[in-house]
Amino acid sequence: MKPILEVQSLSKQYKLGGKRIRRTENFRELLQRALVSPVRAIAGRKAVESTKEELYTFWALKEVSVNVNQGDVIGIIGRNGAGKSTLLKILSRITSPTEGEVIVRGRLASLLEVGTGFHPELTGRENIFLNGAILGMRKAEITRRFDQIVAFAEVEECLGTPVKRYSGGMYVRLAFAVAAHLDPEILVVDEVLAVGDLLFQKKCLGKMGEVSRGGRTVLFVSHNMAAIENLCTRGIVLHQGKLHYDGSAKDAIQTISTAFPR
Amino acid sequence: MSSTFELTLRPRKGWQPIDFKEAYLYRELLVFLVWRDIKIRYRQTLLGGLWAILQPFIAMLIFSFIFNRLAHVQSDGPPYKLFAYAGLAPWTFFSTAVTQSANSLITSQQLVSKVYFPRIFIPLGAIGALLVDLFLSLGLFAAMMLYYRWPVTSALFWLPVFMLGAVLAAAGAGLILSALNVSFRDVKYAVPFMVQMGLFVTPVIYPAHYVPARWRALMGLNPMAGVVIGFRHALLGSQASWGVMGLSLGVSVFLFVAGLLIFRRMENRFADII
């Protein structure tokens, strides 16, 4: 059987902003240099520099190849800036790769942030529908799971209240509840479990475990090594955009703590 | 799992075909986005949906006083107030739609950078919601027609065509401007000014025949000129130049197609630079 997800020498290059360094000057810069420089010269100040310089870029991901089989629950770990989020963003089609390709063989849903698309003015009930649709659920699916979502979030009494009046805890509970009832073949999750109080975090982890035992394919980024060890059947270590290790979750955690100590 | 679904994610560069199939798959989301915009537009306001008709109505009163009473601009037949309102209804729709859709992507930054769905729905959703306002303001117009006892003609059947023209023009401009706004926030400042000037180059407060014949073709290049002339033809039975209207509708269609293509070309960089 073919892998459900094939990542083939995937690379992503970002252009660093701030200094606005480009290969070619645009019209405004040309004009600015032509007009402002003489004035500055008279004032005895430095001329406006030409921006015709080498493009300043960096590779957030460099030639990463991974095959994911159906039912794999993969923990992706690495220090800040390792390329974890970039990888998830490419998989969820938010951004396109610079080189390489990904073959996806199944319905993929991603959860990079809790509560994406929640609108503060809308009520809890309305936000369940809106957020569900944004995450890729059909209206019929949301209607079917509505009661489960509400029960999971424990917000029954406040369904008619705009979520801007919710407490922080209620808000994230509702947001996570909608996402937890997504039913894709492949689920991509960024560090989103660190929400709510300890009790709710436990509930979230329980839900994640349930999802992964159900034969679903899960890619999961977290800094919570205990969660990774508990949930994942496989671990991937990224370092400075490159694939550093691919093996069991336990060994991956071992690798990261010995190879890249803080 | 016997999913036959297969999708390849590759680097994207240059012009891309428009993915109608995907837009169709996500159609429910477009409905939700329109519904969201309708719900939140007048939340926590006292007057609610009345705002939709107050804007063109008050503009009509002021313009009637300034241009009709003081400057003696005449309509092309019907009472000036009816004439002005028939132009202001589509114009208000267009100007609000362009302004809101131009800013729609940058006000939905979080959506663009955290979740995937056809991006095109963001500016289009903003426009869809405003159609409700257009219908409300046409409701008031119907009441005004009764008040002035101005007869309805069979030209009314053309109204959907000109509504479509207004939607296509707004969508085309909105798609291009929203995409540009992602890289260049200049758009945010330029649009209100452009819309303000647009009111004067479009025959909203003066009849089209005030424009000298040799400038008519140029006027036809303005997609909203045809819409405004057409609305008056359909609602008030005014004389209309089909040449100008046809040209103008053609420009609307062109603008819409160009908008789709330009947006599609630029959309894969949105998440990286927004």
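What you see is a predicted model, and the numbers here were worked out from it, not measured in a lab.

About the thresholds
- Residues numbered from 1 in each chain as written.
- Chains lettered and ligands numbered in written order.
- Predicted model: local features only at pLDDT ≥ 70, side-chain atom pairs only at ≥ 80, totals over all residues.
- Helix = DSSP H or I, 4+ residues; strand = E, 2+ residues; numbered from the N terminus.
- Buried ≥ 20, exposed ≤ 12 C-beta atoms within 10 Å, placed from the backbone.
- Contact = placed C-beta atoms within 7 Å.
- Rg over C-alpha atoms; globule rule 2.2 N^0.38 Å.
- Expected span 1.5 Å × (residues − 1).
- Core = buried A, V, L, I, M, F, W, Y, C linked by C-beta atoms within 7 Å.
- Nonpolar A, V, L, I, M, F, W, Y, C, P; charged D, E, K, R; others polar.
- Pairing = 2+ DSSP bridges.
- Axes fitted to C-alpha atoms, helices over the stretch in contact; angles between N-to-C directions.
- Parallel < 35°, antiparallel > 145°, perpendicular 65-115°, else oblique.
- Left-handed = near helix turned anticlockwise from the far one by under 90°.
- pLDDT = per-residue confidence, 0-100.

Which residues make up the overall build of chain A, and what values do they have?
A count of helical and extended segments in chain A gives eight helices and nine strands. Per-residue burial for chain A yields a buried fraction of 42% across its 262 residues. Long-range contacts, defined here as pairs at least 24 residues apart, represent 72% of the contacts in chain A between residues at least 6 apart.

Give me the overall build of chain B: which residues, what numbers.
For chain B, the count of helices and strands is twelve helices and one strand. Taken against the 2.2 N^0.38 rule, which gives 19 Å for 274 residues, the C-alpha radius of gyration of chain B at 20 Å falls within 12% of a compact globule. Considering only residue pairs separated by 6 or more positions, chain B has 81% of its internal contacts joining residues 24 or more positions apart.

Can you lay out helix α6 (residues 121-148) of chain B for me, pointing to particular residues and giving the numbers?
Residues separated by three or four positions in an α-helix point in the same direction, a consequence of the helix having 3.6 residues per turn. Compared with an ideal rise of 1.5 Å per residue, which puts 28 residues at 40 Å, α6(B) spans 40 Å between its outermost C-alpha atoms and is within 8% of the ideal. A positive backbone phi angle near 50° is found at B:Arg149, which sits one or two residues after α6(B).

Can you break down helix α3 (residues 124-134) of chain A residue by residue, with the values?
Counting buried positions over the eleven residues of α3(A) gives ten, a clear majority of the element. Residues of α3(A) that are buried: A:Gly124, A:Glu126, A:Asn127, A:Ile128, A:Phe129, A:Leu130, A:Asn131, A:Gly132, A:Ala133 and A:Ile134. Buried residues along α3(A) sit in contact with α4 (139-153) and α5 (168-180) of chain A together with α2 (27-41) and α5 (109-114) of chain B. One or two positions beyond α3(A), positive phi appears at A:Gly136, with a value near 105°.

Please set out the nonpolar core residue by residue, giving values where relevant.
With 153 residues, the main nonpolar core has A:Phe220 and B:Ala170 as its most contacted residues. With 15 residues, helix α4 (residues 80-107) of chain B is the single largest residue contributor to this core. For B:Ala170, the contacting residues outside a window of four places in its chain are B:Phe94, B:Ala97, B:Val98, B:Ser101 and B:Ile127.

Before we move on, could you go through the interface of chain A and chain B and cite the residues and values that matter?
On the chain B side, the residues contacting the 35 residues of chain A number 27 residues. Mapped by element, the contributors of at least two residues to the side of chain A that touches chain B are α2 (84-91), β4 (99-104) and α3 of chain A. Its residues assigned to classes, the side of chain A that touches chain B comprises 14 nonpolar, nine polar and twelve charged. The pairing of β4(A) with strand β1 (residues 7-9) of chain B spans three bridges and is classified as antiparallel.

Before we move on, can you summarise the packing of α4(B) against helix α8 (residues 186-201) of chain B with the specific residues and values?
When two helices pack together, their arrangement is captured by the angle between the axes and the distance separating the axes. All names here are of chain B. Contact pair α4 / α8: the axes reach a minimum separation of 10 Å and the direction vectors enclose 170°. The pairing of α4 with α8 is recorded here as roughly antiparallel in orientation. Along its contact with α4, which presents Trp91, Ser95, Val98, Thr99, Ala102 and Asn103, the element α8 presents Val187, Lys188, Val191, Pro192, Val195, Gly198 and Leu199.

Explain the sheet that holds strand β6 (residues 186-189) of chain A residue by residue, including any values.
Residue and element names in this part refer to chain A. The strand order across the open sheet formed by six strands is β5-β6-β7-β3-β8-β9, and the pairing between neighbours is mixed. Whereas interior strands pair on both sides, the edge strands pair on one side only; in this sheet they are β5 (108-111) and β9 (242-247). Neighbour-to-neighbour, the strand axes of this sheet turn through a mean angle of 15°, independent of strand direction. Each of β3 (73-77), β8 (234-239) and β9 is contacted by helix α8 (residues 249-259), which is oriented at about 25° to β8, the strand it contacts most.

Can you break down the packing of α4(B) against helix α10 (residues 223-236) of chain B residue by residue, with the values?
Residues and elements named next belong to chain B. Where α4 meets α10, the closest approach of the two axes is 9 Å, and the angle between their N-to-C directions is 135°. By the angle between their axes, α4 is oblique relative to α10. Crossing angle aside, the handedness with which α4 passes α10 is right-handed. Residue-level inspection shows Leu82, Phe83, Ala86, Gly87, Ala89, Pro90, Trp91 and Phe94 of α4 in contact with α10, the latter providing Met224, Val227, Val228, Phe231, Arg232, Leu235 and Leu236. Of the residues contributing to the contact of α4 with α10, the split by class is 13 nonpolar, one polar and one charged.

Describe the sheet that holds strand β1 (residues 5-15) of chain A, and please don't skip the residues or the numbers.
Taking strand neighbours across the sheet as the criterion, the four strands line up as β2(A)-β1(A)-β4(A)-β1(B) in an open arrangement whose pairing is antiparallel. Strand pairing shows two members of the sheet lacking a second neighbour, β2 (57-68) of chain A together with β1 of chain B, which therefore form its edges. Put simply, the sheet's adjacent strands are angled 20° from each other on average, direction ignored. α2(A) rests against β1, β2 and β4 of chain A together with β1 of chain B of the sheet, and its axis sits at about 65° to β2(A).

Describe the environment of A:Val150, and please don't skip the residues or the numbers.
Residues and elements named next belong to chain A. Locating Val150 in the fold gives a position in helix α4. Here Val150 falls in the partly exposed class, since 19 other C-beta atoms lie within 10 Å of it. Sequence-wise, Val150 and Gly132 are 18 residues apart; in three dimensions their C-alpha atoms are separated by 13 Å. The residues contacting Val150, other than those within four sequence positions of it, are Val155, Glu156 and Leu159.

Could you give me a rundown of the confidence of the model for chain B, with the residues and numbers involved?
This prediction gives chain B a mean pLDDT of 91; 99% of its residues lie at or above 70. Across the whole predicted complex the pTM is 0.86, and at the interface the ipTM reaches 0.84.

Provide a residue-level description of unusual backbone geometry, including the pertinent values.
All names here are of chain A. One non-glycine residue, Arg93, lies in positive phi territory at about 70°. As for its position among the elements, Arg93 is in the loop between α2 and β4. In this model, Glu154 sits at a positive phi of 55°, which is unusual for a non-glycine residue.

Explain the pairing of β9(A) residue by residue, including any values.
Residues and elements named next belong to chain A. Across five bridges, β8 lies against β9 in antiparallel orientation. Across the sheet, residue Leu238 finds its bridge partner in β9, namely Leu243. Linking two consecutive strands that pair antiparallel, namely β8 and β9, is a turn of two residues; a positive phi of about 45° is found at Gln240 within it.

Give a detailed account of the environment of A:Ser257, specifying residues and quantitative values.
Secondary-structure assignment places A:Ser257 in helix α8. Sequence separation between A:Ser257 and A:Gly78 is 179 residues; the distance between their C-alpha atoms is 9.8 Å.

Outline the environment of A:His223, supporting the account with residue identities and numerical values.
All names here are of chain A. The residue His223 is located in the loop between β7 (217-221) and α7 (225-231) in this model. A tally of 13 C-beta atoms within 10 Å means that His223 is categorised as partly exposed. For the pair formed by His223 and Asn80, sequence separation is 143 residues and the distance between their alpha carbons is 9.6 Å.

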